[in-house]
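Letter by letter, the chains look like this.
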Amino acid sequence: MLRSPVVSNRPGLSFFQSGLKFFFVAIYAGVVMVLAWPVPVRATILWSDPGSRVIHATPDGTDILGGKVKRDDKASDALYFKFRVDPLSDPADEPYDALFQLVETNKLQLGVGNAMEAWGYSAAYTSETGPSNKPPNELIELKYDDAGEYNLRSSHPAAAGMGKFFPYELPSHNHPRTIVFKVQYVPGGEDLVTVWLDPNLTHGATAENQPDDITTKFKAKATFDEIRLRHGGNGGVRKDGGNGWFFSDMAIATSFNDFVIVRFWQTWWFSTLLALFVVAAVGATVRFVEKRKYQLQLQRAEQESALERERARIAQDLHDDLGSSLTRLSLLSGLIRTDKDNPEQVEAHASKLAQSADQTVRSLEEIVWAVRPGSDTLQSLTDYIAHFANELFDGNAARCRLDLPHDLPALALPPDLRHNIFLIVKEALTNALKHSGAGEVQVHAKISGHILEILVRDDGKGFNPSLSSEGRRNGLGNMRRRAESIGGKLELQSAAGAGTAVKLSVDLQSRKSHKLA
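Keep in mind the model is a prediction, meaning the values are calculated, not measured.

Caption draft 1: Seen up close, the sheet that holds strand β18 (residues 489–494). Here five strands make up an open sheet; going across it, the order is β14-β16-β17-β19-β18 and the pairing mixed. On the outer flanks of this sheet lie β14 (399–403) and β18, each paired with one strand and no other. In this sheet, neighbouring strand axes are inclined to one another by 10 degrees on average, regardless of whether the strands run parallel or antiparallel. Here six bridges tie β18 to strand β19 (residues 500–507), and the two strands are oriented antiparallel to one another. Directly across from Leu492, in β19, lies its bridge partner Val502. Sheet strands touched by helix α4 (residues 378–393): β14, β16 (440–448) and β17 (451–458). Its angle to β14, the strand with the most contacts, is close to 165 degrees. Where helix α5 (residues 415–435) meets the sheet, it contacts β16, β17, β18 and β19, and its direction lies at approximately 15 degrees from that of β17.

Now the structure itself:
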């Protein structure tokens, strides 16, 4: 006895469930990571002025701070100052000063920018004098007796000849620079100043990892209650120090990190979201792959099951049709040998033997047609029905009229579907030929949308279905069971003296028929 294999989807399902489990675990881990991620504690911007202003011929300057930040001689903390400059004056306008000036009670303290006699980026009013700067007793028009100047180290030093460079950078237009300086206040003493000329302020930058060639350290008094932007000349071509300087993006903070520019894709929360997205994408990919693998396994199992069912059907057809036909041939052959001395019986047996042989050939032809690859179309089905009807009614008094379309859609039908449709039509035609006494049998076929309808009608004597014989009832029962097995509907109309009509309707779409390419 042939059995269809039992299809188990547990391995594929376990893959699918493991993919889902990984996906949700990854999401949960990402959420925990977001909640547990240490949020960096940033320092405080005490004051800022991002606007741009031109400072020209303002030797005393005007306060821009408005008393928002102050430090006196008792301070012991550290402050960070930042500003950006784009000089409009050029070296021909020297000597001049252009300073971001700290002022306390109208007394000029530390100034950073361009000192009067430094002729480059430098600091003024320092307690120490730079190695390449003039000593205080040589400076012109000092503001107070202990004033000093200190050139700032730069990664773009001015050229001094072939292969030689000055220890400072000349300010020039269209070469803007950002200056950051730190003041570590020393109560009652000289404050410690560190200046970075055009430092790296991108993500990851700190005060400690700035290059040495842009870092300058010295001492100065940096207490303040005002900040003034000053510009003025003392000679040069124009006598007024040129066109002045642009000052912009000014700020005071308690940490160097507050000046570091962090793009949104460099923030911790973006990195967390990106990691979460990657984890989720990996989980979704795993889920998709496992689901696809499960679907392929299920599809292969269904195909194997369908193959086994087809094999079982073929075996059953061989047993039922060919087996019974061959048995009948064997019996008739034996009868001929037994009755060889009786010519009349031999002739009768030979006639039956010929009929059985014809029936066997027809059954074998049906089986071959059912399994042949080129027979899986709707058009092939109607063509074979026409071929069978012509052979069945050939040489009989009854005439068979066929109304079968030749332009049916190119639909591929599963083997069991087309075989059961053919067997139902075969049964209806055989019954009409043997039992109806009809002069004409008609076969009509049409398709409306995805509904196939086949009608077999005769003009014979008809019968009352409720009073039909047991054999006929069995035949009709087989036809109905076949129709139900393929999801179809079988309708029978017959009455005594009014002929018989058998109509089969099948929804081809529900049977997963598909269009051929």
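Following the structure, the description resumes.
Caption draft 2: Spatial organisation of empty space enclosed by the protein. Within this structure, the stated rule accounts for two cavities of 30 Å³ or more. Here the largest cavity defines a volume of roughly 170 Å³. For the lining of the largest cavity, the secondary structure elements donating two or more residues are α5, β17, α6 (470–485) and β19. When residues of the lining of the largest cavity are assigned to their parent elements, the largest contribution, four residues, is made by α5. Among the residues making up the lining of the largest cavity, the classes are represented as nine nonpolar, five polar and four charged. What the second largest cavity holds in volume is close to 40 Å³. In this structure, the second largest cavity is lined by Ile424, Val425, Ala428, Ile454, Val456, Val502, Lys503 and Leu504. When contributions to the lining of the second largest cavity are tallied by element, the ones reaching two or more residues are α5, β17 and β19. Classifying every residue of the lining of the second largest cavity gives seven nonpolar, no polar and one charged.

Caption draft 3: View of the confidence of the model for the protein. Summing up the model confidence of the protein, the mean pLDDT is 82 and the portion of residues at 70 or higher is 84%. Confidence over residues 1–13 falls short of pLDDT 50; this stretch has 15 contacts with residues more than four positions distant or in other chains. Note that residues 37–41 has pLDDT below 50 and, in this model, four contacts with residues that lie over four places away or in other chains.

Here is what the cut-offs are and how they apply
Each chain carries its own residue numbering, running from 1 in the written order of its sequence. Residues qualify for local features only when their pLDDT is at least 70, as the model is predicted, and side-chain atom pairs are given and counted only at 80 or more; totals for whole chains, interfaces and linings, by contrast, use all residues. Neither water nor hydrogens contribute to the side-chain values; these are computed over all heavy atoms in the structure. Two strands pair if DSSP finds at least two bridges between them. Strands here mean DSSP runs of E at least two residues long; helices mean DSSP runs of H or I at least four residues long; both are numbered from the N terminus. In this description, a line fitted to the C-alpha atoms serves as the axis of each element, helices being fitted only across the stretch in contact, and the angle between N-to-C directions of two axes falls anywhere from 0 to 180 degrees. By definition in these notes, contact holds between two residues if any of their heavy atoms fall within 4.5 Å. Two kinds of site are reported from a 1 Å grid over the protein atoms alone, namely cavities, where a 1.4 Å probe fits but cannot get out, and pockets, open sets with protein on both sides within 12 Å along at least five of seven lines, and residues are called lining when an atom falls within 4 Å of a point. Grid points are joined across faces, edges and corners, and a volume is the space filled by probe spheres set on the points. Ten residue types, Ala, Val, Leu, Ile, Met, Phe, Trp, Tyr, Cys and Pro, are classed as nonpolar, four, Asp, Glu, Lys and Arg, as charged, and the remainder, Gly among them, as polar. pLDDT: the predictor's confidence for each residue, scored from 0 to 100.

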